[in-house]
Amino acid sequence: MAEPLTLGQALQTLQRKGIDRLEAQLLLSHVLGRSPSDRSWLVAHDSDNLSTQLWSALEALAQRRLAHEPMAYLTGSQAFYGLNLQVSPAVLVPRPDTETLVDWALDVLPVSGARVLDLGTGAYASLGSTMPTGRDVVVSRQDLPSNTDFLETYRTNGDRSEEHTSELQSQFRISYAV
C-alpha cells in the first residue's frame, strides 16, 4: 500500500495492520513530538500531511508494536505517580501494580521512624520517588544493575525528578545504593 498522505490516513493504516486506535494515536503523537495527552490535536489535524520520514519512523514503531514490544519501550517513557520516567529495555516498565504496592506501603508505614529497603528500583519507580511530604522515613534504594544502560536510565530519571526528589529529601531521608 502507498504511504499515507495525512495523519488520519496514517492512523487508519495502523489500525488496519492490527494496532488499536489508542496505541496508534500514541505512536503517531510520539513520532510528531506531541504530548500523549494531546490526542485531540490529532483529530483536529487529521488532514495535515505526514512526511515520508515521519511515516517511515511510525511504520517502524508499528512493526515493533505488532511484535508485542511494550508501548513504553517504543515511546521511551512511562508515567509513574505523576513522574514521567524514561524507560528502555534495560529496565522494567513501571506497572500499575507497583503504584498499588506503594499505596499499601504508605498506608502501613508510620509517619516517622520507619526504615524501608526498596529493592529493585529499576527505572526510579519506587517508594522513595513517591513519598509524600511530612514523613520522616528512611528509604534505602538498591538494585543490581546488569549494565550501564540501566544506570544511565536510573540517573536520567533521578535528574528529571531532581526537583521533586529534593523537595522530598527535605521532608524525609533517602539513601541510595545503586
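Structural notes, computed from the coordinates. A quick note: this is a predicted structure, and the numbers were derived from the prediction, not measured.

Digging into helix α6 (residues 96-108)
End to end, α6 covers 19 Å across 13 residues, agreeing with the expected 18 Å (1.5 Å per residue, within 8%). Summarising the contacts, the buried residues of α6 are in contact with β1 (77-80).

As for the environment of Asp-48
The residue Asp-48 is located in the loop between α3 (39-44) and α4 (52-66) in this model. For Asp-48, a relative accessible area of 29% translates into the label partly exposed.

Looking at the side chain of Ser-29
With respect to the helices and strands, Ser-29 occurs in helix α2 (residues 21-32). Since its relative accessible area comes to 1%, Ser-29 is described here as buried. Among residues more than four places away in sequence, those in contact with Ser-29 are Arg-34, Ser-35 and Leu-42.

A word on the pattern of salt bridges
Applying the stated criterion to the full structure yields four salt bridges. The partner of Asp-38 in a salt bridge is Arg-34, and the shortest N-O contact between them spans 2.6 Å. A salt bridge links Glu-69 to Arg-64; the nearest nitrogen and oxygen atoms lie 2.6 Å apart. Under the relative-accessibility criterion, Arg-64 is labelled partly exposed at 34%.

Things to note about the packing of aromatic side chains
Under the criterion given, the structure shown has zero aromatic pairs. Positioned above the aromatic ring of Trp-41 is the side chain of Arg-34, whose terminal nitrogen or guanidinium carbon lies 4.1 Å from the ring centre.

Some thoughts on the pairing of strand β2 (residues 83-86)
As defined by bridge partners, β1 adjoins β2 across four bridges and the pair is classed as antiparallel. Each residue of the ladder has a partner; that of Ala-79, found in β2, is Asn-84. Adjacent in sequence and paired antiparallel, β1 and β2 are bridged by two residues, among which Tyr-81 carries a positive phi angle near 50 degrees.

What to know about the environment of Ala-62
Relative to the helices and strands, Ala-62 is located in helix α4. By relative accessible area, Ala-62 is classed as buried at 0%. Separated by 39 residues in the primary sequence, Ala-62 and Glu-23 place their C-alpha atoms 9.2 Å from one another. In this structure, Ala-62 is in contact with Leu-14, Ile-19 and Leu-27, ignoring residues within four places of it in sequence.

What counts and what doesn't
- Each chain has its residues counted from 1, running along the sequence as written.
- Note on the predicted model: pLDDT of at least 70 is required for a residue's local features to be given, and 80 or more for side-chain atom pairs to be given and counted; whole-chain, interface and lining totals, by contrast, use all residues.
- Side-chain descriptors were evaluated using all non-hydrogen atoms of the structure, hydrogens and water having been removed beforehand.
- Where helices and strands are cited, they refer to DSSP runs of H or I of at least four residues and of E of at least two residues respectively, numbered from the N terminus.
- The length a helix should cover is 1.5 Å for every residue beyond the first.
- When checking whether two residues touch, look at their non-hydrogen atoms; a contact exists if any pair is within 4.5 Å.
- When accessible area is computed with a 1.4 Å probe and restricted to protein chains, residues below 20% of their type maximum are described as buried, those above 50% as exposed, and intermediate ones as partly exposed.
- Salt bridges, as used here, are contacts in which a Lys or Arg side-chain nitrogen is within 4 Å of a carboxyl oxygen on Asp or Glu.
- Only rings of Phe, Tyr and Trp enter the pairing, Trp through its six-membered ring, and a pair is recorded when the two centres are within 6.5 Å. The plane angle decides the type: under 30 degrees is stacked, over 60 is edge-to-face, the rest tilted.
- Here, over-ring charges are defined by two tests on the NZ atom of lysine or the CZ atom of arginine: distance to the ring centre within 6 Å, and angle to the ring normal within 35 degrees.
- Two strands are counted as paired when DSSP detects at least two bridges linking them.

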